[in-house]
Amino acid sequence: MPSAPVPLTVIVPTFRQKAYVRSAIEGLYAQTYPIDELIISDDASDDGTWEAIAGTVSACQARPNTVHRCVVRRNERNLGIARHFQALAQASSNTLIVCNAGDDISEPDRLRCIVEDYLQAGTPRHYLVHSAVTGIGQDQARLMRPPVITQSMSLEQMATANALHIGGTQAYSKHLFDDFAPIAHDTYEDLVLGFRAA
């Protein structure tokens, strides 16, 4: 596999996502940009997510793909969102980390677009990018834009909001974890990372 201009780690945090995790993993194995490190981590699910991960990874690795190294891990006890993300950032071998939640399916060119943005931005130490998503599921597909884009928010409103951007779409530099204190409360990591990157 040819080397990529920017090696990246894709993290797949999962918790009770058996219904979607297969499609999420298959979407990553179908990326047009090579993945240096893929870390799939289950946060002590009790619904069959872990078994679905194992079967899907085995099937994906049996055919040609662009994943250099895949790590599959399972937490012995549920860490919660923020602590799970903290553990995955620490486990990453690369500076650029792309999040792909266990119930999110990435378009084939997603990683290539992220790397292009990262390079165009000048590979900043504190980098974060996010995007809109197309919601899927029981309803018809619909475009959903992040609140930070769709709403006019004051700094105070941002600091107390439930969401600024759609965390499942975020890519960020590992330095957003390494250069700051651990996220102390079990909160949504995307709120904290958005402020750290600003």
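This write-up is about the structure you can find in this document.

Definitions and cut-offs
- Residues numbered from 1 in each chain as written.
- Predicted model: local features only at pLDDT ≥ 70, side-chain atom pairs only at ≥ 80, totals over all residues.
- Heavy atoms only, no water.
- Helix = DSSP H or I, 4+ residues; strand = E, 2+ residues; numbered from the N terminus.
- Rg over C-alpha atoms; globule rule 2.2 N^0.38 Å.
- Buried < 20%, exposed > 50% of the residue type's maximum accessible area, 1.4 Å probe, protein only.
- Contact = heavy atoms within 4.5 Å.
- Areas by Shrake-Rupley, 256 points an atom, 1.4 Å probe, with all protein chains shown as cover.
- Lys, Arg positive; Asp, Glu negative; His and termini not counted.
- Charge placed at Lys NZ, Arg CZ, Asp CG, Glu CD.
- Axes fitted to C-alpha atoms, helices over the stretch in contact; angles between N-to-C directions.
- Parallel < 35°, antiparallel > 145°, perpendicular 65-115°, else oblique.
- Left-handed = near helix turned anticlockwise from the far one by under 90°.
- Nonpolar A, V, L, I, M, F, W, Y, C, P; charged D, E, K, R; others polar.
- Salt bridge = Lys/Arg side-chain N within 4 Å of Asp/Glu carboxyl O.
- Core = buried A, V, L, I, M, F, W, Y, C linked by side-chain atoms within 4.5 Å.
- Phe/Tyr/Trp six-rings, centres within 6.5 Å; stacked < 30°, edge-to-face > 60°.
- Arc of directions from axis to C-beta.

Describing the overall build of the protein chain
For the protein chain, the helix and strand inventory stands at 8 helices and 8 strands. Its C-alpha atoms give the protein chain a radius of gyration of 16 Å, near enough to 16 Å, the size a compact globule of 198 residues would have. Dimensions of the protein chain, computed from the C-alpha atoms along their principal axes, are close to 50 × 40 × 35 Å. Taken over 198 residues, the protein chain has a buried fraction of 44%. Taking the contacts inside the protein chain whose residues are at least 6 apart along the sequence as the reference set, 75% of them involve residues at least 24 apart. Carbon together with sulfur atoms contributes 50% to the accessible area of the protein chain, which is approximately 10,200 Å² in total. Side chains of the protein chain give 16 positive and 22 negative charges; the mean places of these two sets differ by 2 Å.

Brief notes about unusual backbone geometry
It is generally the case that most residues other than glycine have a negative phi and that most peptide bonds are trans. Even without a glycine there, the phi angle at A44 is positive, about 60°. Summarising the element assignment, A44 is placed in the loop between strand 2 (35-42) and helix 2 (49-61). You will see that T123, though not glycine, has its phi angle at about 50°, which is positive. As for its position among the elements, T123 is in the loop between helix 4 (110-120) and strand 5 (128-129).

Describing the packing of helix 1 (residues 18-29) against helix 2
In contact at an axis separation of 9 Å, helix 1 and helix 2 are set at 25° when each is read in the N-to-C sense. When the axes of helix 1 and helix 2 are compared, the pair comes out roughly parallel. The element helix 1 and its partner helix 2 pack so that their crossing is right-handed. Taking contact as the criterion, the partners of K18, V21, R22, I25, E26 and Y29 in helix 1 are, on helix 2, T49, A52, I53, T56, V57, C60 and Q61. Of the residues that constitute the contact of helix 1 with helix 2, the class distribution is 7 nonpolar, 3 polar and 3 charged.

Quick notes on the pattern of salt bridges
For the structure shown, the criterion picks out 7 salt bridges. Two residues, R69 and E37, come together in a salt bridge whose shortest N-O distance is 2.1 Å. With a gap of 32 residues between them, R69 in strand 3 (residues 67-74) and E37 in strand 2 connect regions that are remote in the sequence. Judged by its relative accessible area of 38%, R69 falls in the partly exposed class.

Section: the nonpolar core
Judged by nonpolar contacts, the single largest core of 26 residues is most densely connected at L8, V10, I25, L38 and L96. Elements that contribute at least two residues to this core include exactly strand 1 (8-14), helix 1, strand 2, helix 2, strand 4 (96-99) and helix 4. The next biggest cluster of nonpolar side chains, apart from the first, holds 14 residues, and it includes I11, F85, A89 and I183.

Overview of the packing of aromatic side chains
Going through the model one piece at a time under the given rule, you end up with 2 aromatic pairs. Look at Y118 and Y127: their rings are 4.8 Å apart centre to centre, the planes differ by 70°, and that puts the pair in the edge-to-face class. Ring centres of Y172 and F177 lie 5.7 Å apart, and the angle between their planes is 55°; this geometry places the pair in the tilted category. By the burial criterion, Y172 is buried, and F177 matches it.

A few points about helix 4
All of the buried residues along helix 4 are R110, L111, I114, V115 and Y118. Projection of helix 4 onto a plane perpendicular to its axis shows the buried side chains occupying an angular sector of 130°, all on one side. Buried residues belonging to helix 4 abut strand 1, strand 2, strand 4, strand 5 and strand 8 (171-173). G122 lies just past helix 4 and shows a positive phi near 90°.

None of this, on its own, says anything about what the molecule does.
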